[in-house]
Amino acid sequence: MIVILKKDATEEQVKHIVDKAEILGLKAHISRGVERTVIGFIGPEDVLRMTPLEVFPGVEQVMPVLAPYKLVSREFKKENTVIKINDDVTIGGKKLVVMAGPCSVEGLDEFRSIAKKVKAAGANILRGGAFKPRTSPYDFQGMGEDGLKIMRDVAGELRIATITEVMDTRQVELVAKYVDIFQLGARNMQNFSLLKEIGATRKPVMIKRGLSATIKEWLMSAEYVMASGNFNVIFCERGIRTYETAYRNTLDINAVPVVQKLSHLPIIVDPSHGTGVWNLVPSGAKAAVAAGANGLMIEVHENPEEALSDGAQSLLPTKFDVLMKELRVVAQAVGKEL
Ligand code: PEP
Ligand code: MN
């Protein structure tokens, strides 16, 4: 249920409504927009239906949210959400974010070297996996905490924000110590315990779309995080599995405008996993920016032949640099900055 307040509603009136809702066992989430304050109420349907919220002072209108995702929906919040990562980087505004780096952190020297190159090319967030969700248990599983330490040290030297995957509830506290953004991987999109655990923190989380997840299921995963109290959620379209075998995944560009219509949360696109083939990454990246995505995640490696994971889809730093220049032109054409 969404309660739209009158323009001149006072803080006492807001507090009165919220207090009353809490007595009834409902959770209230306040969204203060430019024009109006809106309160979203979450709780059992019967309690919501029986509570005459429209009679409370300061209330203009009460609206049921028909979609199963409530806090995630545009009905709850009309304005785009802009998430602050640090003093220099926000996600969801006019300026696009580019998260770049290797699939896996492979060592200090390797990570430092690639980090310097992607930063020089214009990336504003550093990516790297320390805990890797590999199909085979015999493949490289990531450097674990040593990889996180490398990320933190290099990020400190270069003054750049970081993102890394958290695979398990037991890793949440550890990963939170070292990086700025959690990455919730495609294979964990419906790991509800992990979503709730991340929801209990206030650290931004980027939720990758599951390999076979519908957009509704993906939005519901974000709802889990928001319902647990963490509103700093970013979506990441990373390709879905289809019948097509010419490439690893099918990059679903439609997801960008569809998610932006249904939700106020930012969405970025990962054309590396979205295609699985390095020479398809530039076209996917440009299409994503043209479609209105809030940013990109791109895998870059200095020696893709020897990469410990995802070499086939990793760009060489020189190719990444050329792509960044092309992306600036596309960004400008759609009223964004890079
Ligand atoms: C990754 O970013 O390296 C990764 C494993 O992503 P996904 O969860 O999209 O497969
Ligand atoms: Mn990867």
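Check the entry above for the structure.
Residues numbered from 1 in each chain as written. Chains lettered and ligands numbered in written order. Predicted model: local features only at pLDDT ≥ 70, side-chain atom pairs only at ≥ 80, totals over all residues. Heavy atoms only, no water.

Visitor: Teacher, can you tell me more about helix α4 (residues 145-158) here?
Guide: One turn of an α-helix holds 3.6 residues; hence residues three or four places apart share an orientation. In a regular helix each residue adds 1.5 Å, so 14 residues correspond to 20 Å; α4 covers 20 Å between its end C-alpha atoms and thus fits that length. All of the buried residues along α4 are G147, L148, I150, M151, V154, A155 and L158. Buried positions in α4, seen along its axis, are confined to an arc of 155° and lie on one side of it. Residues of α4 that are buried make contact with α3 (108-121), β8 (125-127), β9 (161-165) and α5 (172-178). Remark: R159 follows α4 within two positions and exhibits a positive phi of approximately 50°. (Helix = DSSP H or I, 4+ residues; strand = E, 2+ residues; numbered from the N terminus. Expected span 1.5 Å × (residues − 1). Buried < 20%, exposed > 50% of the residue type's maximum accessible area, 1.4 Å probe, protein only. Arc of directions from axis to C-beta. Contact = heavy atoms within 4.5 Å.)

Visitor: Just to check I follow, could you spell out the pattern of salt bridges for this structure?
Guide: As a working rule, side chains carrying opposite charge can pair if their charged atoms are close by. Within this structure, the stated rule accounts for 17 salt bridges. Measuring nitrogen to oxygen at the nearest pair gives 3.8 Å for the salt bridge that ties R112 to D109. On the criterion of helical spacing, the pair formed by R112 and D109 is a turn pair, its members being 3 residues apart in helix α3. What makes R112 partly exposed here is its relative accessible area of 24%. When its relative accessible area of 57% is taken as the criterion, D109 is described as exposed. Within this structure, D109, R112 and E157 form a network of salt bridges that share partners. (Salt bridge = Lys/Arg side-chain N within 4 Å of Asp/Glu carboxyl O.)

Visitor: Hey, could you run me through the coordination of the manganese ion (ligand 2) in this one?
Guide: Note on metal geometry: ideal angles are 109.5 degrees for four donors arranged tetrahedrally and 90 or 180 degrees for six donors arranged octahedrally. Listed as protein donors to the manganese ion (ligand 2) are C103 (SG), H273 (NE2), E299 (OE) and D310 (OD); their distances from the metal cover 2.1 to 2.3 Å. Spacing between the donor residues of the manganese ion (ligand 2) along their common chain follows C-x169-H-x25-E-x10-D. With a gap of 170 residues between them, C103 in the loop between β7 (97-101) and α3 and H273 in helix α9 (residues 271-275) connect regions that are remote in the sequence. On the accessibility criterion, C103 (3% relative accessible area) is buried. (Donors = N, O, S within 2.8 Å, 3.2 Å for Na, K, Ca; no water.)

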